[in-house]
Each structure stands twice: as structure tokens, then as C-alpha cells.
Amino acid sequence: MLSVALAGKPNAGKSTFYEAATEAEVDVGNYPFTTIDPNRGVAHVRTDCPCLARDERCGADDCRDGKRYVPVELLDVAGLVPGAHEGRGLGNQFLDALTDADVILQVVDAAGETNAEGEPVEVGEYDPVEEVDFVESEMDQWLAGIVDRNWESVVRKGRSPDFDIDEALVDMLTGFGATVHDVTYVLRAMEYPADPGSWDDDDRAELARRVRERTKPIVVVANKADVAPEGNVERLRETDKPVIPATADGELALQRAAAAGAVDYDPGDEAFEIVGDLSESQRAGLEQIGDVMAAHGGTGVQAALNTAVYDLLDHLTAYPVQNETHWTDARGSTLPDAHLLPRGSGPKDLAYAVHTDIGDGYLHAVNARSDRRIGEDYELEEGDVIKIVSTAN
Ligand SMILES: Nc1nc2c(ncn2[C@@H]2O[C@H](COP(=O)(O)OP(=O)(O)OP(=O)(O)O)[C@@H](O)[C@H]2O)c(=O)[nH]1
Ligand SMILES: [Mg+2]
């Protein structure tokens, strides 16, 4: 499963975001380092279900009237402070927890009501633009430290006659969440000495930075948008990262209200409707959330997850079925499964995502939308419904 990690300074709202996105209960508090042990749960990206093209909705557990929720892993870790790579705060432990993440949601406090260390200050007193770059820089330095520590062994290997520097670097970096493909991609774009003994600190730092950039892209979540002073979100947007304004707290409140039958709302909706009896103050609270949503097109929680997976990671959703006419599995369930795959994937990649045996026994595939047989070189598109024919099914 794709893994999305929440990162950022303490007290920015990571655990609130996590709770809103996973419906799990965790500790939330207005002080730094509320979270110490990482929380790991399941969140969802939202997309249009292919059943929207049919007369009947599919009834899959993850489909709410054509809104399809596809699972991803979400990780909530301890807050990070500047100097973490040297062990400040809960530093190294925090950074190690990000090893498996495919993409980072950096939660910043757009309200500026907490300083760089996450300690409460007056609203607007701290400038959130200041905190945008430090997560990236801590991660870069953390990885550079790992490269430095392992360099001796690369140099030692370099003395053997059949040494290949690319191979040695792939070996080293695949241990830290990079794939062979990632490392190869990064090395192709770099100029570097073939002899590891001739590398200097800058070469190693550049390698680390490029590998981090490739393997851990960052989306900035401008949280606490509900109390952010005028202009803060706009200034955050002027940084070089994608920025999604959000109110994690608002999303959580809406979900609680929806569970209590007070509002009609599904995660990712741009607006909600009040359907139950509410006290005056409850109604006022919800209306305030409604104003933030109107300004930003929703609470931002779903938008942040979607931007990370569909835009930054450039993934698409494909739906394997057994029956290409009814779009069902062997038990007759319609569109039971959805898989997230990198753009450029083909039907055989989908077969492997379903099961290794199905991939190994792959014969051919049918595009159930067009009812045409497709070749192995066909590139999947968002929302494709595919029947895989394999010796294993
Ligand atoms: N106004 C407002 N407050 C929020 C929002 N999201 C979270 N908060 C508050 O911010 C404080 C910190 O929230 P947490 O979710 O514990 O923050 P964290 O980033 O997990 O903090 P650590 O675990 O200490 O790193 C709490 O008082 C939350 O209620 C929001 O969207 N708006
Ligand atoms: Mg927390």
C-alpha cells in the first residue's frame, strides 16, 4: 500500500489531521510533543468510481454513491524541530520513521500561533513561511548523514577490480526507501567521480538531496486556515511547494457531526448540509467551518491526500474485474477492488498488484469500458476497469 507520512513542527495539527483522515482516536494537545510513538493507520484518497458510468451504483464498501475511497497508509509521527538530524527534540527517531514513506504531507501552522519549536504564541506572531523549508532541509541532512556514515564501506568496495559505483550506490540507498529505479534516475542526472575516494562532502550532500527529492516529495498543508491571519495562506503559496489550505480540526468536527446524523457530509465534499437538530452554538460552529470550506473548496484534508497521491506521485486508479460485462468479481460483487498504480503502468502491472501468481500467469487483458483486448504495452488510465486473463485465475 502507498504510504503517506505527516511531518512538521510540533503542535501544527498532524495528529488532528491523522484522526480526521483515519477515523482513529489519538492524542491531540496544545503543547509540543503530544505524539511520541508513531501512529499508523489507513486513510483514503477519493476519486470518481467507474460505477458512475452505469445505471446502478456499485455498492462496494469503499464507494459512497459514486465517490470512491481508495486506501493508503497514513503515518503520524512526533513533531520535528530544527536540528533534528543532529538529534534535537525527538529528531533522529522521527526521521527514521519516515524511511518507508512514499510522500510527505508537511503540516504547517498557517495561523502562526506556535513558534518554530511548537510552543504556543499569539495568533500571527510566528511567520509560517519560516517553517516551510526546514523539514526538507532536515530530511536532506539526515540522508546525507546516512550516506556519509556508509561511505567508508563504498570506498572499501571500490578497491575490488569489478567495482561499479552505480551498483554500490544503489545497494546503499535502496535500504533507505529508494528503489533501484529511483537511484538510477538520480545518478543519470548527476555528474560524479567514478572513484568513491574522490567524492567530497558536497558530492554526497547533492546525492542525498536528489534522492530525497525523488523519493520523498512534499506537499505543504497550511493547517488552521480557520484562524489564519489574512494573507498567510497566500504568502505560503508563494513558496516553491504545492500548498493546500486546510482545517483538520474542522474536518474532524464535521465527521463527528456526520456520525451523529447532524450533517450530510462525505470526506472531500466541498460543502455540507445541516440535516439534524442542533443547538445555536453547534450551528454557529459548523457555519464557521462552512465559511472556511467556501473559501478553499473544502476542509483541505482530502485535497491534501489527493494532491500527494494523484499529483505528486502521479498515480492512477485501476479496477480489476473477472466479468468484463458486469464489472464483477467471481462472487458477483461490482468493482470490488481499486488499485493505485504509477502512471505508465500497464495491465501486467495491475495483474501483479492483484497477486504475484496472477502476474506470473498473465496471458492478456480486456479493457471492460471499451470491451477491447489490450496489449501489454497499453498504458492504464484513471478509472480503467480491466479484466485480466491469467493461467492463475
Ligand atoms: N484552530 C485550529 N486548531 C487546530 C487545527 N488542527 C489542530 N488544531 C489544534 O492544534 C493543537 C495541536 O494539534 P495536534 O494535532 O496535537 O498537533 P501535532 O502536530 O500532532 O503535535 P505534536 O504531536 O506535539 O507534534 C491542538 O490544540 C489542536 O486542537 C485547525 O485546523 N484549526
Ligand atoms: Mg501529534
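One can find the structure itself at the top, above this paragraph.
Nothing here was measured: the structure is a model prediction, and the numbers come from that model.

**A word on the layout of surface pockets**
Here comes step 1: Counted as a void, the largest pocket has a volume near 500 Å³.
Here comes step 2: Surrounding the largest pocket, 15 residues form its lining, Asp-182, Arg-214, Leu-313, His-315 and Pro-342 being those nearest its centre.
Here comes step 3: By volume, the second largest pocket amounts to about 430 Å³.
Here comes step 4: Residue lining of the second largest pocket: 31 residues in total, with Asn-11, Ala-12, Gly-13, Thr-16 and Val-28 positioned closest to the centre.

**Observations concerning the pattern of salt bridges**
A pair can form between side chains of opposite charge whenever their charged atoms are brought close.
Here comes step 1: All chains considered together, the criterion is met by 25 salt bridges.
Here comes step 2: Between Arg-214 and Asp-182 there is a salt bridge, and its shortest N-O distance comes to 3.2 Å. Remark: Asp-182 occurs in helix α5 (residues 180-188) and Arg-214 occurs in helix α6 (residues 201-215); sequence separation between them is 32 residues.
Here comes step 3: Residue classification places Arg-214 among the partly exposed residues on the basis of a relative accessible area of 30%.
Here comes step 4: With a closest N to O distance of 3.9 Å, Lys-387 and Glu-324 form a salt bridge. Residue Lys-387 is found in strand β14 (residues 384-390), and its partner Glu-324 is found in the loop between β10 (315-321) and β11 (339-342); the two are separated by 63 residues along the sequence.
Here comes step 5: Overlapping salt bridges bring together Asp-133, Glu-136, Asp-140, Arg-212, Asp-240 and Lys-241 as one network.

**A short note on the nonpolar core**
Here comes step 1: Judged by nonpolar contacts, the single largest core of 47 residues is most densely connected at Ile-104, Trp-151, Leu-169, Leu-173 and Leu-207.
Here comes step 2: Ranked by residue count, the leading element in this core is helix α3 (residues 134-157), at 11 residues.
Here comes step 3: Mapping this core onto the domain boundaries places at least three of its residues in each of domain 1 (3-137 + 217-309) and domain 2 (143-207).
Here comes step 4: Apart from residues lying up to four places away in sequence, Leu-173 is in contact with Leu-143, Val-147, Ala-178, Val-183, Leu-207 and Val-211.
Here comes step 5: Counting residues in hydrophobic clusters, the runner-up holds 29 residues, among them Leu-74, Val-103, Val-309 and Leu-313.

**Notes on the sheet that holds β10**
Paired through their backbone hydrogen bonds, the strands of a sheet run either parallel or antiparallel.
Here comes step 1: Across the sheet, which stays open at both edges, the five strands sit in the order β11-β10-β14-β12-β13 with mixed pairing between neighbours. In this open sheet, the two edge strands, each paired with only one partner strand, are β11 and β13 (372-374). The average undirected angle you get between the axes of adjacent strands in this sheet is 45 degrees.
Here comes step 2: Relative to β14, strand β12 (residues 362-367) runs antiparallel, the two being bridged by five bridges. The residue of β14 that forms the bridge with Ala-365 is Ile-388.
Here comes step 3: Docked against the sheet, helix α10 (residues 301-312) engages β10 and β11, running at close to 85 degrees with respect to β10.
Here comes step 4: Its contacts with the sheet place helix α11 (residues 347-354) against β10, β11, β12, β13 and β14, and it is angled at close to 135 degrees to β11.

**A look at the state of the cysteines**
Here comes step 1: Taken as a whole, this structure holds zero disulfides when the rule is applied.
Here comes step 2: Cys-51 takes part in no disulfide bond, and the closest cysteine sulfur to it belongs to Cys-49, at a distance of 3.6 Å.
Here comes step 3: Cysteine Cys-63 shares no disulfide, and the gap to the nearest cysteine sulfur, in Cys-58, comes to 3.6 Å.
Here comes step 4: Under the relative-accessibility criterion, Cys-63 is labelled buried at 10%.

**With respect to unusual backbone geometry**
Here comes step 1: Positive phi, normally seen in glycine, also occurs at Trp-327, with a value near 60 degrees.
Here comes step 2: Tracing the chain through its elements places Trp-327 in the loop between β10 and β11.
Here comes step 3: A positive phi angle, near 40 degrees, is found at Leu-335, a position not held by glycine.
Here comes step 4: Secondary-structure assignment places Leu-335 in the loop between β10 and β11.
Here comes step 5: Judged by relative accessible area, Leu-335 falls into the buried class, the value being 0%.

How each quantity is defined
Residues numbered from 1 in each chain as written. Chains lettered and ligands numbered in written order. Predicted model: local features only at pLDDT ≥ 70, side-chain atom pairs only at ≥ 80, totals over all residues. Heavy atoms only, no water. 1 Å grid on protein atoms, 1.4 Å probe; cavity = no way out; pocket = protein on both sides within 12 Å on 5 of 7 lines; lining within 4 Å. Points joined across faces, edges and corners; volume = space filled by probe spheres on them. Salt bridge = Lys/Arg side-chain N within 4 Å of Asp/Glu carboxyl O. Helix = DSSP H or I, 4+ residues; strand = E, 2+ residues; numbered from the N terminus. Buried < 20%, exposed > 50% of the residue type's maximum accessible area, 1.4 Å probe, protein only. Core = buried A, V, L, I, M, F, W, Y, C linked by side-chain atoms within 4.5 Å. Domains from an automatic or database assignment. Contact = heavy atoms within 4.5 Å. Pairing = 2+ DSSP bridges. Axes fitted to C-alpha atoms, helices over the stretch in contact; angles between N-to-C directions. Disulfide = S-S within 2.5 Å.

All we've got here are geometric facts, nothing functional implied.
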